[in-house]
Amino acid sequence: MIDSVCEQTDYASRLEHLRRRKEVQTREKLDRQGPMDEDDYGMVLPPADFCWKPKANHPNGSFYGLEGWCDNFCDLLEHHPVYVDPMDALAGRYMVLLNRLRECKWPPQYDYDELKPEHARYGIISGIGNDAHFAPDYQIGLELGWGGLLAKVRKFRDEHGPEKAAFFDAEERVILAIQGWITRTVEAIETAAEQEMNPVLLDNLREMAEVNRRLIEEPPRTLREACQWIAWFNMVSRIYNRDGAGGQLDELLRPYYERDRQEGRIDDEDAIFLLACLLLNDPHYYQLGGPAPDGRDQTSELSFLILEAGHRLKSTCNLTIRVHDGLDPRLLRKGVECLIEDRKAWPRFSGDKALVEGFMRNGYPAELARRRIAVGCHWMALPGLEYTMNDTVKINVAKVLMVAFDEMIQKDSAPSMECLWQRFEDHLRRAVLCVARGIDLQLDHQHENEPELVLNLLTHGPIERGLNVTNGGVNLYNMCVDGAALANAADSLAALEYRVEQQGRVTWQDLADCLEGNYPGVDGERTRLMMRTAPHYGEGDSLGDQWALKVSRLFTQLVTEQPTPGGRRMIPGWFSWADTLRLGEQLGATPDGRRAGEPIAHGANPRPGFRDDGAATALVKAIAAVQPGYGNTAPVQLELDPCIAQDEAAVDIVSRLITTHFELGGTLFNVNIVDADQILAAHKDPSLYPDLVVRVTGFTAYFANLSPRFRQLVVDRLIRGA
Amino acid sequence: MSSGLITHIQRFSVHDGPGIRTTVFLKGCQMRCAWCHNPETLRPDAEIQVFPERCIGCRTCETICRHGAHAFTETGHNYDRQLCVVCGECVDECYAKALVRVGEMRTAESVVADVLADRAFYEPTGGVTISGGEPLLQAEFTVDILAQSRQEGIHTAVETNLAWPWRVVEPLAAVVDLFLVDIKTMDDEAHRKWTGVSNRQTLDNLRQLDALGKKITVRTPVVVGVNERPQQIGAVADFLAPLRNLDQYELLPYHSLGTGKYESLGLDEPCPEFRAPAPAELERLAAEAAGRGLIVKIAGGAFSGTPLSSPDSLA
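Quick caveat, the model's predicted, so the values are computed rather than measured.

A few words on the overall build of chain A. Secondary structure assignment for chain A yields 25 helices and 15 strands. For chain A, whose C-alpha radius of gyration is 25 Å, the value lies close to the compact-globule estimate of 27 Å for 722 residues. By its C-alpha atoms, chain A is 80 × 65 × 50 Å across when sized along the principal axes. Taken across its 722 residues, chain A has 60% of its residues classed as buried.

Here we come to the overall build of chain B. Assigned secondary structure in chain B consists of eleven helices and 13 strands. A globule of 315 residues ought to have a C-alpha radius of gyration of about 20 Å, and chain B, at 20 Å, matches this closely. Overall size of chain B, expressed as C-alpha extent along the three principal axes, is 60 × 45 × 35 Å. For chain B, buried positions account for 44% of its 315 residues. The long-range fraction of contacts in chain B, counting pairs at least 24 apart against all pairs at least 6 apart in sequence, stands at 73%.

With that out of the way, let us pick up the sheet that holds strand 8 (residues 127-131) of chain B. All names here are of chain B. Reading across the sheet, the nine strands line up as 7-1-2-8-9-10-11-12-13 and stay open at both edges, with mixed pairing between neighbours. The sheet is open, and its two borders are formed by strand 7 (104-107) and strand 13 (296-298), each paired with just one other strand. Strand after strand, the sheet turns through a mean of 30° between neighbouring axes, direction not considered. In the sheet, strand 2 (residues 21-26) pairs with strand 8 via five bridges, with the strands oriented parallel. Paired with Phe25 across the strands is Ser131, a residue of strand 8.

So, on to helix 12 (residues 352-360) of chain A. Within the span of helix 12 of chain A, buried status applies to Asp352, Ala354, Leu355, Val356, Gly358 and Phe359 of chain A. Those residues of helix 12 of chain A that are buried lie in contact with strand 4 (318-323), strand 5 (348-351), helix 13 (366-371), strand 7 (380-381) and helix 23 (650-663) of chain A.

Residue and element names in this part refer to chain A. Following both chains from N to C, one finds helix 9 (residues 268-281) and helix 10 (residues 301-313) inclined at 65°, their axes separated by 8 Å at the closest point. One finds that helix 9 runs roughly perpendicular with respect to helix 10. Here helix 9 runs over helix 10; the crossing is right-handed. Contacts between helix 9 and helix 10 pair Asp268, Ala271, Ile272, Leu275, Ala276, Leu279 and Leu280 from the former with Leu305, Ile306, Glu308, Ala309, Gly310, Arg312 and Leu313 from the latter. Class assignment of the residues belonging to the contact of helix 9 with helix 10 gives a composition of ten nonpolar, one polar and three charged.

All names here are of chain A. By size, the foremost hydrophobic cluster in this structure holds 307 residues, and its most contacted members are Leu275, Val397 and Leu486. Here this core takes 13 residues from helix 5 (residues 165-195), the largest share from any one element. Not counting the four nearest positions on each side in its chain, Leu275 is found in contact with Cys227, Leu305, Ile306 and Ala309.

We now examine the sheet that holds strand 2 (residues 245-248) of chain A. Sheets are built from strands that pair by backbone hydrogen bonding, the pairs being arranged parallel or antiparallel. Residues and elements named next belong to chain A. Across the sheet, six strands lie side by side as 2-3-4-5-13-12; this open sheet has mixed pairing. The open sheet is flanked by strand 2 and strand 12 (636-640), the only strands paired with a single partner. The sheet shows a mean angle of 25° between the axes of neighbouring strands, direction not considered. Alignment of strand 5 against strand 13 (residues 668-673), held across two bridges, turns out to be antiparallel. Directly across from Phe349, in strand 13, lies its bridge partner Phe669. Against the sheet, helix 11 (residues 329-342) makes contact with strand 3 (285-288), strand 4, strand 5 and strand 13, and its axis sits at roughly 145° relative to strand 4, the strand it touches most.

In this chain, Trp346 of chain A is followed by Pro347 of chain A through a cis amide linkage whose omega measures 0°. Along the chain, Gly132 of chain B connects to Gly133 of chain B via a cis peptide bond; the corresponding omega equals 10°. Along the polypeptide, Gly133 of chain B turns up in the loop between strand 8 and helix 5 (139-151). Although it is not a glycine, Asp541 of chain A sits at a positive phi angle of roughly 55°. Within the fold, Asp541 of chain A resides in the loop between helix 19 (521-532) and helix 20 (543-560). In this structure, Phe12 of chain B takes a positive phi of about 50° despite not being glycine. Its location among the elements puts Phe12 of chain B in strand 1 (residues 3-13).

A few words on the pairing of strand 12 (residues 246-253) of chain B. Residues and elements named next belong to chain B. Where strand 11 (residues 215-222) lies against strand 12, seven bridges are found, and the strand directions are parallel. The partner of Thr217 across the bridge, within strand 12, is Gln248. You can see the chain leave strand 11, run along helix 9 (residues 230-240) and come back into strand 12, and the turn it takes is right-handed. One ladder, built from three bridges, connects strand 12 with strand 13; its direction is parallel. Pairing of Glu250 across the sheet is with Lys297, part of strand 13.

All names here are of chain A. Between its first and last C-alpha atoms helix 9 spans 20 Å; for 14 residues at 1.5 Å apiece the expected length is 20 Å, and the two agree. Of all the 14 residues making up helix 9, eleven are buried; the element is thus mostly covered by neighbouring parts of the structure. Of all the residues in helix 9, the buried ones are Ala271, Ile272, Phe273, Leu274, Leu275, Ala276, Cys277, Leu278, Leu279, Leu280 and Asn281. At its buried positions, helix 9 is contacted by helix 1 (11-33), helix 7 (223-241), helix 8 (249-262) and helix 10.

Time to look at the pairing of strand 5 of chain A. All names here are of chain A. Burial of the side chains of strand 5 extends over both faces: Arg348 and Ser350 are buried on one face and Phe349 and Gly351 on the other. Here four bridges tie strand 4 to strand 5, and the two strands are oriented parallel to one another. Bridged to Arg322 within strand 5 is Ser350. The parallel pair strand 4 and strand 5, bridged by helix 11, forms a crossover whose chirality is right-handed.

Here chain A averages 95 in pLDDT, while 98% of its residues score no lower than 70. Confidence over residues 1-5 of chain A falls short of pLDDT 50; this stretch has eleven contacts with residues more than four positions distant or in other chains.

Attention now moves to the environment of Tyr41 of chain A. Residues and elements named next belong to chain A. Of note, Tyr41 is situated in the loop between helix 1 and helix 2 (65-79). For Tyr41, a count of 20 C-beta atoms within 10 Å gives the class buried. Separated by 202 residues in sequence, Tyr41 and Asp243 place their C-alpha atoms 9.4 Å apart. Other than its neighbours up to four places away in sequence, Tyr41 contacts Arg238, Gly244 and Asp282.

On to the confidence of the model for chain B. Residues and elements named next belong to chain B. On average, residues of chain B carry a pLDDT of 92, and 95% of them reach 70 or more. Every residue in residues 301-315 is under pLDDT 50, and counting partners more than four places away or in other chains gives 50 contacts. Of the two predicted TM-score estimates for the complex, the pTM is 0.95 and the ipTM is 0.92.

This part covers the packing of helix 15 (residues 417-449) of chain A against helix 20 of chain A. Each packed pair of helices is defined by two parameters, the angle between the axes and the distance between the axes. Residues and elements named next belong to chain A. At a minimum axis separation of 10 Å, helix 15 and helix 20 run at an interaxial angle of 40°. With respect to helix 20, the element helix 15 is oriented oblique. In this structure, helix 15 crosses over helix 20, and the sense of that crossing is right-handed. Only Leu554, Phe555, Leu558 and Val559 of helix 20 make contact with helix 15, whose side of the interface consists of Glu425, Leu428, Arg429 and Val432.

Here we take up the environment of Ala34 of chain B. By secondary structure assignment, the location of Ala34 of chain B is in the loop between strand 2 and strand 3 (47-50). Between the C-alpha atom of Ala34 of chain B and that of Gly133 of chain B, which follows or precedes it by 99 residues, the distance is 14 Å.

Attention now moves to the environment of Arg532 of chain A. All names here are of chain A. Note that Arg532 resides in helix 19. The buried category is assigned to Arg532, around which 21 C-beta atoms lie within 10 Å. Along the sequence, Arg532 and Thr590 sit 58 residues apart, while their C-alpha atoms lie 9.8 Å from each other.

What counts as what
Residues numbered from 1 in each chain as written. Chains lettered and ligands numbered in written order. Predicted model: local features only at pLDDT ≥ 70, side-chain atom pairs only at ≥ 80, totals over all residues. Helix = DSSP H or I, 4+ residues; strand = E, 2+ residues; numbered from the N terminus. Rg over C-alpha atoms; globule rule 2.2 N^0.38 Å. Buried ≥ 20, exposed ≤ 12 C-beta atoms within 10 Å, placed from the backbone. Contact = placed C-beta atoms within 7 Å. Pairing = 2+ DSSP bridges. Axes fitted to C-alpha atoms, helices over the stretch in contact; angles between N-to-C directions. Parallel < 35°, antiparallel > 145°, perpendicular 65-115°, else oblique. Left-handed = near helix turned anticlockwise from the far one by under 90°. Nonpolar A, V, L, I, M, F, W, Y, C, P; charged D, E, K, R; others polar. Core = buried A, V, L, I, M, F, W, Y, C linked by C-beta atoms within 7 Å. Right-handed = clockwise from strand over helix to strand, strands pointing away. Expected span 1.5 Å × (residues − 1). pLDDT = per-residue confidence, 0-100.

So, in structure tokens, the structure goes:
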């Protein structure tokens, strides 16, 4: 894995080398593993001869519980290859996702067969058995280091006594395994240094070895050490269960940066290179700027340097700028400049006002709400303070609507919009209850299934209490429940009201037959187009917009009106992640003119081609209007023509779109700026565009690594608008 | 309250004046620029656009047309514009949008309501732009929309060829914050050749507006074979240099985005030899004009600021 000597060792050349190497690694992943319709994750492939398999502790071939996870994780780390690149400031890459090596992700003794029929019926993604998807507090680790964390685990093991010894023993072994992996990496760095001829790289390797040797036990003191510590945590957390939540990166690193600068250890060019290496190591979700608990803006010099690092790196990246009234306007501007100039679909922008006010609606104070930050695909979390199941629980509301529709056709002698809405409400209530029971099951047993042995370490409570984060380890359980297919449900309701009830162009039964046959023949196609051209969501003050609002309000009401049977709070949002294909495959033809099996609309977005002029302002207003308003998001996913990069006013225009969306109540803003011709050419032959990065949904990805179907989905969205 | 014929209203318009704007395209123009990329705005009456590739062959248009304008033969759908009275009944039934009516009568009040829909996005520099076609072909309607918008505190712009007597132009001056005016060429003979209209009134009116202190952006659509030589652009710049209220001079490279529309309207395609100057040529032209002390911008071509879609193909 050791790179050869390279003559160019200035930072720009080193970054170029690292970026190209990542592109090669990305290509290798595609060649060996096939397309991946998800985040890049920063993973690299292990050597071809690396072969490691987990040991089962259950007859079904899977592994569960403290012992199963701890044994396998520790064994994996013991064998996990080490990775050193003399051009990189940071050591290490991860190569295996342990949680993807399980045969079955939920212990069969806690079966939920009684929930499964409704999961299938309502298009529910239950989240049962899903891991991570809450945020660690890196501050804990940065203050304690691995040695301090180990001491903390041992201290509380002593305090809690034998009853919880198994939990603490597992946590202890996890830390020791991590320290062992770092130790082996240090040895590899030293070996590399012995072979290194280039004086700059030799110095780099010596410092890298020193940094990592120290970090085996001690907490970081410098910016380089802090970046390396975060990278180690990210890597082991990824290996354990793909966790990708980041933190408030500018504030986490600011003390180290300021100290280094004061003591003359680094200049800003050094800092930018270090930060670029951290962003390259893993495209975790980090927030920049935004309010501190007391409302003061957290923007610092480091916020700008992190953006600059991403700008120079020009790779996948998931930085989010938190836009609030007090934000340094230069940070917003710099972010939009990066978005337009680099065309890598980052940063994203998070709307503080609606998020804080929304979270406070759950009964929390403003100080706490401000600490809840954008650190996931679409999601918010209080780092180290809450468990959320973010982005893992979804209800396909269009599927729920079709259950109601079919039932009405079968049972009601006089179908009507009123009947349909009543049945929709009933079924959506049942779907939410089904989801709530699934959440309870997860919280009751996830610690026996998959204890969060890595994330527990950076969470306030689990170690102190000897309890897994899912099982009483924290005080706050704010469970994320997302709706999906809002546009399909709203457009279907609008089309039914307009074409069936108002205009009488088709009868309920004829339409039902048409849907059953998937709009067959020329007549069926005409009916489909008739339904599709009815007023729809996103047009602005249309029947579709009214229905979207009504659906969103109902969904919000049902999710928030009562906790789960087990007493856990649920928070609504609208987000489909990359499940637009999967959720569409499960759904027959719908009254909005969508054919059976076609993808559902993305997140809270109106359907592609929702207006003839495709106006971004209409999109931004429509999505702002349907926000559930309890502190989780319903993001804008906007696709823009790249010619704005030639227009100096483009930064003002895009900034205005973003700030207006947030003034109107929006929560998260994702933008792709992609050339139509380029994306079509890349779709035809992805290998010609290895560096083309698109924001697929909450995450950015190399376009070339998406499957043909997923590329088509992105192309359709980009070419047909929104 | 006046009414007028519009082709469409474009929200999030970012090329027709500063900031985020709503642009109202009026139907009808007295010029016939050979390179026009909005041919649907030329005729002053409603008409039907036909997009055969969208047709699903349901033949509803043939069934319901009382004038026999639609017929299906072995070659597919045939539409006879001579027989069509543009009643629009076929369009209402054509869910495939193979038939599209272009031209909608609207009151000024209803247009302003659409303009206000995006009011939240206009600050600090955006607003409303009336374009076309030629807005002054419907002068009262144009003034009404702009006056009402101004009363709402919205920045107003108009995109006009100014090829009108001053008495037609003058009422606009009171309600317009920014005039966007094309000078295709300073050579009047060439101007007549390529647009069918003299440029004298345009140039006179520009001086008058400048004397009134009205802010003006002048633009030249640069078309190879028409006005791409440095001395031609230099001549425009010479005219503009004395104007005190010229905001900027923009060079708009020709693009062929409008060519597909001609066929849909039953019109002949524009001269196929038209093309845009190469970027380096444009830079030279910009330098030529800038040498006269003007602020010169080269427009970004096809940037719409919107998603890259043409109208929903309904595929």
